[in-house]
Amino acid sequence: MKKNLNKNSLIRYSRQIILKNIGTIGQKKIINSKVLIVGAGGLGCPVADLLTRSGIGEIGIVDYDKVSLSNIHRQTLYTLKDINKYKVQIIKKKLKSINNQVKINIYNKKVSEKNLNNIINKYDVVVDGSDNFQTKFLLNKFSLKFKKILIVGAISKFDGHVFTFDFKKKTPCLKCFYQTEPSDEILNCETEGILGSTSNIVGAIQVNEILKKILMIGKDLKSNILILDLLNLKFRKVLFKKRKNCICSNL
């Protein structure tokens, strides 16, 4: 059943609604959208926070980790009181305290071939906030299968990458860019390090891409990767093409 805007919603989202590209029609699109976030860490926290504040109607969050002390400097939805507690349980309470109008579904598990079939098809948009390429390629595979919008993020040190895929259309996929699976050491914050602001900036860009796709406004990253070098303030887009014999080539 479609949700409508009440008086409280009009006040809560007034600063968005006043934007000529959004209005009440756009806000209704937002509150009737469903977004799945895989990973509740450095990317997942700002994504979940900002989507909740924007009024997304239903958010699913998948993660099986517990909060650790080393998470606190960048994963903004956790505090010292949350250490050794499951992230998804903490994040649900925090998000409901921000916006109790948003439905929050949590999945305290590791994504796999078996469980993604039963999870991913319930949502309109899939957000990758994972820290390993196995999960990223798995989300790519199932987003292709169910023709979902997939927003991929990756962070390391002072650097970030963002991809936007709309698999309802003919578009390259993540496998077209990474022809071989890179080493997860690239994304290992424990060994490579990460600046907290880097993860939050990249997460915010992912949210910006999500909302633009829901609202069908602006330009997205179709067939491009956005590369951020935040140490030197360099931003660039790199075009890549659909690769022959890729898993997406026959779709």
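Throughout what follows, the structure given in this document is the object of discussion. (Residues numbered from 1 in each chain as written. Predicted model: local features only at pLDDT ≥ 70, side-chain atom pairs only at ≥ 80, totals over all residues. Heavy atoms only, no water.)

**What to know about the packing of helix α4 (residues 44-54) against helix α5 (residues 87-98)**
- One way to put it is that α4 packs onto α5 with a least axis distance of 9 Å and a crossing angle of 30°. For the element pair α4 / α5, the angle class is roughly parallel. Crossing hand, α4 versus α5: right-handed. Across the interface between the two elements, Ala48, Asp49, Thr52 and Arg53 from α4 touch Ile91, Leu95 and Ile98 from α5.
- By residue class, the composition of the contact of α4 with α5 is 4 nonpolar, 1 polar and 2 charged. (Axes fitted to C-alpha atoms, helices over the stretch in contact; angles between N-to-C directions. Helix = DSSP H or I, 4+ residues; strand = E, 2+ residues; numbered from the N terminus. Parallel < 35°, antiparallel > 145°, perpendicular 65-115°, else oblique. Left-handed = near helix turned anticlockwise from the far one by under 90°. Contact = heavy atoms within 4.5 Å. Nonpolar A, V, L, I, M, F, W, Y, C, P; charged D, E, K, R; others polar.)

**Considering the pairing of strand β5 (residues 149-156)**
- Across the 8 residues that make up β5, a large majority, 8, are buried.
- Pairing of strand β4 (residues 125-128) with β5, which is carried by 4 bridges, proceeds in the parallel orientation. Paired with Asp128 across the two strands is Val152, which belongs to β5.
- In this view, the connection linking β4 to its parallel neighbour β5 by way of helix α7 (residues 133-146) has right-handed handedness.
- Note that β5 and strand β6 (residues 159-166) share 8 bridges and pair antiparallel. For Val152, the partnering residue across the bridge sits in β6 and is Phe163.
- The antiparallel hairpin formed by β5 and β6 contains 2 residues in its connecting segment, where Lys157 sits at a positive phi of about 55°. (Buried < 20%, exposed > 50% of the residue type's maximum accessible area, 1.4 Å probe, protein only. Pairing = 2+ DSSP bridges. Right-handed = clockwise from strand over helix to strand, strands pointing away.)

**Examining the pairing of strand β1 (residues 34-38)**
- Among the 5 residues in β1, 4 count as buried, and that is most of the element.
- Here β1 pairs with strand β2 (residues 58-62) via 5 bridges, running parallel. Residue pairing for β2: Lys34 is matched across the bridge by Glu58.
- For the crossover that starts at β1, traverses α4 and ends in the parallel β2, the hand is right-handed.
- Pairing of β1 with β4, which is carried by 4 bridges, proceeds in the parallel orientation. Bridged to Ile37 within β4 is Val127.

**Here's the deal with helix α10 (residues 196-215)**
- Taking 1.5 Å of rise per residue, 20 residues should cover 28 Å, and α10 covers 29 Å from first to last C-alpha, within 8% of that figure.
- By the criterion of burial, α10 is predominantly enclosed, with 15 of the 20 residues buried.
- Met216 sits one or two positions beyond α10 and adopts a positive phi of about 60°. (Expected span 1.5 Å × (residues − 1).)

**Considering the environment of Asp82**
- Secondary-structure assignment places Asp82 in the loop between β2 and α5.
- Residue Asp82 is classed as buried on the basis of its relative accessible area, which comes to 6%.
- Placed 70 residues apart in sequence, Asp82 and Arg12 show a C-alpha to C-alpha distance of 28 Å.
- Look past the residues within four positions of Asp82 in its chain and what remains in contact with it is Val67, Leu77, Ile90 and Lys94.
- Here the side chain of Asp82 touches Lys94 through a polar contact of 2.9 Å, side chain to side chain. (Polar contact = N/O pair within 3.5 Å; in protein donor to acceptor, adjacent residues only side chain to side chain.)

**Section: the sheet that holds strand β8 (residues 234-239)**
- Taken together, the 8 strands give an open sheet; going across it, the order is β3-β2-β1-β4-β5-β6-β7-β8, and neighbouring strands pair in mixed fashion. Each end of this open sheet is capped by a strand with a single partner; those strands are β3 (103-107) and β8. The average undirected angle you get between the axes of adjacent strands in this sheet is 15°.
- The sheet contacts of α5 involve β2 and β3, and relative to β3 the element is tilted by about 175°.
- Contacts from α7 reach β1, β4 and β5 within the one sheet, and its direction differs from that of β5 by about 170°.

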